[in-house]
Amino acid sequence: MVPILALPFLTRYLTPTDYGIFTTFTVISMFIGNLFRLELNMALKREYVDHSGDFSQYISTTFVFSTIMLVPYCLTVLVMMPFISTIYGIPILWIFLIVLLSYFRFQIINLHHLWQITNRAFPYGLWGLLATVVIYSITIFLILYKGADWQARAWGEWLVGFISLLIALYYLRKQYGLKWAFNLSILKKMCKYSLPLLPTTLMSYIFMVSDRVFISEFSGLYELGLYSVALQLAASVDLVFRAILPAWESWIFTQLASVDSITIRVIFKRLIVLSLLGCLMMLFLPQVLEFLMPYLTDKSFALAEDFLFPCILSVTCAGFFKLTKVPLVFMRRTTTVAYVNISMIAINFLFMYIFVSKWGATGAAFALAITYTYGSMMQLYFMYKYSED
């Protein structure tokens, strides 16, 4: 809720173009972050379930590997600096800082995922709340006293990431035996599980990038900024799914021995209940947000109201897609998840081109909703197909 509460201030001092540039910064950060992690965080989660007694060698190997990989990533950006000044409006220096931020976040995500599957909801939730509050506090300070633009928000993310890294390393060492040790065979084992998930995750960011790219090409940065604000308001739906997802993952990874026909029925029943919850949110939340918009945003962002329902729909469909992926990952069907995502790319680009060219940002949100709905249905099908009789 903190980002929504900060909207009245941010939309007063930042322009829609600033929001558009920061959206690009966020997408680049996520893309580089996934290339950096190689989805080893997901492998750690799975290995903890099977090897909690000797987990120190797994978390330590991952930490050493990521620290070593930081060097070539940083050198690559440094070599690019004399030749490239900006990438999609982002200064090349910020690309270097994004690489460091990706390293910070990798260690933080590892800790958070381990807390999720061990049901440590309170420290996980408290961490997220405090980090968000500090990020926005730094942002507001920089805007008021340094006259910063979109970079105020970026510096807030980076500084909090660095502080959080130090705290995460402390808890990883104390609770999970982190040390400077490396085992190549363990790394190979984890990569065999995680690498099929990498294209899957990268493709999910292609979906995130696709709407921004098509809106930017067909409608411009101004409409992209309005769309970004509508997405931020629609993120109130994502808050619900973010609260559900850790408990959902914990239940599937720690409570289920296998996914058989009986378990499938239980999973389907719970997914039906969650889908009904999503439908209720889509019915009532647009009216609530339309009423609150004049109090949450500056009048220059008033047109963002037109994108509220489509954005809420796309966020709801994306949340359901994440829920349906978890059982397949638990079943070690990561290659199947990758194939589903590959097919989703064709669906996504087809509908993006048709819808955005006709209806702008509204069309982009509907295209995403169709893409995620298709992906969810395919994952449900394969979940049923691979279940044990």
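Please refer to the structure higher up on the page.
The rules behind these values
Residues numbered from 1 in each chain as written. Predicted model: local features only at pLDDT ≥ 70, side-chain atom pairs only at ≥ 80, totals over all residues. Heavy atoms only, no water. Helix = DSSP H or I, 4+ residues; strand = E, 2+ residues; numbered from the N terminus. Rg over C-alpha atoms; globule rule 2.2 N^0.38 Å. Buried < 20%, exposed > 50% of the residue type's maximum accessible area, 1.4 Å probe, protein only. Contact = heavy atoms within 4.5 Å. Areas by Shrake-Rupley, 256 points an atom, 1.4 Å probe, with all protein chains shown as cover. Lys, Arg positive; Asp, Glu negative; His and termini not counted. Charge placed at Lys NZ, Arg CZ, Asp CG, Glu CD. Core = buried A, V, L, I, M, F, W, Y, C linked by side-chain atoms within 4.5 Å. Axes fitted to C-alpha atoms, helices over the stretch in contact; angles between N-to-C directions. Parallel < 35°, antiparallel > 145°, perpendicular 65-115°, else oblique. Left-handed = near helix turned anticlockwise from the far one by under 90°. Nonpolar A, V, L, I, M, F, W, Y, C, P; charged D, E, K, R; others polar. Phe/Tyr/Trp six-rings, centres within 6.5 Å; stacked < 30°, edge-to-face > 60°. Salt bridge = Lys/Arg side-chain N within 4 Å of Asp/Glu carboxyl O. Arc of directions from axis to C-beta.

Further remarks concern the overall build of the protein. Helix and strand content of the protein: 14 helices and 2 strands. For the protein, whose C-alpha radius of gyration is 21 Å, the value lies close to the compact-globule estimate of 21 Å for 389 residues. Projected onto its principal axes, the C-alpha coordinates of the protein cover approximately 55 × 50 × 40 Å. Per-residue burial over the protein gives 53% buried out of 389 residues. Relative to all contacts within the protein whose residues are 6 or more apart in sequence, the contacts with residues 24 or more apart total 82%. Put simply, the protein shows about 17,800 Å² of open surface, and 68% of that area lies on carbon and sulfur atoms. When the 26 positive and 19 negative side-chain charges of the protein are each reduced to one mean point, those points stand 9 Å apart.

So, about the side chain of Q107. Summarising the element assignment, Q107 is placed in helix α5 (residues 92-117). Excluding residues within four positions of it along the chain, Q107 makes contact with F63, S66, L165, A168, L169 and L172.

This next bit is on the nonpolar core. Formed by 129 residues in total, the largest nonpolar core has its most connected members in Y227 and W248. In terms of residues, this core owes the most to one element, α5, which gives 17 residues. Not counting chain neighbours up to four residues away, the residues in contact with Y227 comprise D211, I215, F307, C311, A361, A365 and L368.

This part takes up the packing of helix α12 (residues 308-330) against helix α14 (residues 361-386). Two numbers describe how α12 lies on α14: the axes approach to 8 Å, and their chain directions differ by 20°. When the interaxial angle is binned, α12 and α14 end up roughly parallel. Every pair of crossing elements has a handedness; the one defined by α12 and α14 is left-handed. Taken together, the residues of the contact of α12 with α14 break down into 20 nonpolar, 7 polar and 1 charged.

Next up on the list: the packing of aromatic side chains. As enumerated under the stated definition, the model contains 25 aromatic pairs in all. Considering the side-chain rings of F25 and W94, the 5.5 Å spacing of their centres and the 85° angle between planes classify their relative orientation as edge-to-face. Residue F25 is found in helix α2 (residues 16-37), and its partner W94 is found in helix α5; the two are separated by 69 residues along the sequence. Accessibility assignment for this pair places F25 and W94 in one class, buried. The interplanar angle of 75° and the centroid separation of 6.3 Å between the aromatic rings of F55 and Y176 together place this pair among those described as edge-to-face. Of the two residues, F55 sits in the loop between α3 (40-50) and α4 (56-80) while Y176 sits in helix α7 (residues 150-176), which places them 121 residues apart along the sequence. Given a relative accessible area of 5%, Y176 falls into the buried group.

Here we come to the pattern of salt bridges. In the structure shown here, the tally under the stated rule is 5 salt bridges. Its salt-bridge partner being R105, residue E157 comes within 2.8 Å of it at the nearest N-O pair. Pair noted here: E157 is in helix α7 and R105 is in helix α5, with a separation of 52 residues, a long-range link. Take E157: its relative accessible area is 16%, and that puts it in the buried class. One salt bridge in this structure joins E157 and R153, with 2.6 Å as the shortest N-O distance. Here E157 and its partner R153 are both found in helix α7, 4 residues apart, which amounts to about one turn of the helix. R153 matches E157 in its accessibility class, with the two residues each being buried. Within this structure, R105, R153 and E157 form a network of salt bridges that share partners.

This brings us to the environment of N119. Relative to the elements of secondary structure, N119 occurs in the loop between α5 and α6 (121-146). As for N119 and V315, which are separated by 196 residues in sequence, their C-alpha atoms are 25 Å apart.

What helix α8 (residues 184-194) keeps buried is the set I186, L187, M190, C191, Y193 and S194. End-on, the buried residues of α8 take up no more than an arc of 160°, which puts them together on one face. In α8, the exposed positions that point more than 90 degrees away from the buried face belong to S185, K188 and K192. Summarising the contacts, the buried residues of α8 are in contact with α3, α4, α9 (197-218), α12 and α13 (334-359).

These values are about where atoms sit, not about what they do.
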